[in-house]
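Coordinate analysis (summary)
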Amino acid sequence: MTLTVVVASVLVFSWKLLGYLIPQRFITESVQRFSERVTVTLLAALVGIQTLSGSEGLVLDARVPAVLVAAGLLLLRLPFIVVIVAAALVAAGLRALGF
């Protein structure tokens with residue numbers, strides 16, 4: 001699974017690099033939409049992998065509620081620093097409680 005993420009990251013990076021090197025007239029609307037979707041999809045996959053995976057496989061610990069809190073606060077369009085601090089406090093609080 002890690003190899004897949006690394007390969008996908010390299011592909012997305014090369015895709016973005018090509019976007020800067022290729023003249024605008026050669027980039028169609030469908031290629032541009034595809035490029036945007038691939039980047040967002042890869043980022044979502046990385047967040048999911050980092051949140052739910054551990055050395056033993058699927059792990060449901062304090063990271064899951066922290067990410068859910070962060071997602072909710074981002075939907076409310078709060079400042080990023082507030083989102084980070086709130087998610088860190090949730091994770092720290094749950095870990096202090098033994099979760």
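Conventions we followed
Residues numbered from 1 in each chain as written. Predicted model: local features only at pLDDT ≥ 70, side-chain atom pairs only at ≥ 80, totals over all residues. Heavy atoms only, no water. Helix = DSSP H or I, 4+ residues; strand = E, 2+ residues; numbered from the N terminus. Rg over C-alpha atoms; globule rule 2.2 N^0.38 Å. Buried < 20%, exposed > 50% of the residue type's maximum accessible area, 1.4 Å probe, protein only. Contact = heavy atoms within 4.5 Å. Areas by Shrake-Rupley, 256 points an atom, 1.4 Å probe, with all protein chains shown as cover. Lys, Arg positive; Asp, Glu negative; His and termini not counted. Charge placed at Lys NZ, Arg CZ, Asp CG, Glu CD. Patch = residues over 30% accessible without salt bridge, like charges linked within 9 Å, V, L, I, M, F, W, Y side chains within 5 Å. Salt bridge = Lys/Arg side-chain N within 4 Å of Asp/Glu carboxyl O. pLDDT = per-residue confidence, 0-100.

Check the secondary structure of the chain and you find four helices and two strands. Here the C-alpha atoms of the chain give a radius of gyration of 18 Å, more than 25% beyond the 13 Å that 2.2 N^0.38 yields for 99 residues. Principal-axis analysis of the C-alpha atoms places the extent of the chain at approximately 55 × 35 × 15 Å. When burial is assessed residue by residue, the chain has 16% of its 99 residues classed as buried. Within the chain, contacts between residues at least 6 apart in sequence are counted, and of these 42% link residues at least 24 apart. For the chain, the computed accessible surface area is about 7600 Å², with 74% contributed by carbon and sulfur atoms. Here the chain contributes 7 positively and 4 negatively charged side chains, and the mean placements of these two sets differ by 8 Å.

Our next topic: a nonpolar patch on the surface. A contiguous nonpolar surface patch, about 820 Å² in accessible area, is contributed by Phe13, Leu17, Leu18, Tyr20, Leu21, Ile22 and Phe26. By secondary structure assignment, the location of Tyr20 is in helix α1 (residues 2-21). Using a relative accessible area of 72% as the deciding quantity, one classes Tyr20 as exposed.

Low-pLDDT portions of the prediction should not be read for the details of their coordinates. Taken over all residues, the pLDDT of the chain has a mean of 87, while the share at 70 or more is 99%. When mean pLDDT is taken per element in the chain, helix α4 (residues 80-96) scores highest with 95 and strand β1 (residues 53-54) scores lowest with 79.

Here the focus is the environment of Thr39. Relative to the assigned elements, Thr39 resides in helix α2 (residues 29-52). Classification of Thr39 by relative accessible area gives partly exposed; the value is 27%.

The next thing to look at is the side chain of Thr51. Tracing the sequence through the fold places Thr51 in helix α2. With a relative accessible area of 9%, Thr51 lands in the buried category.

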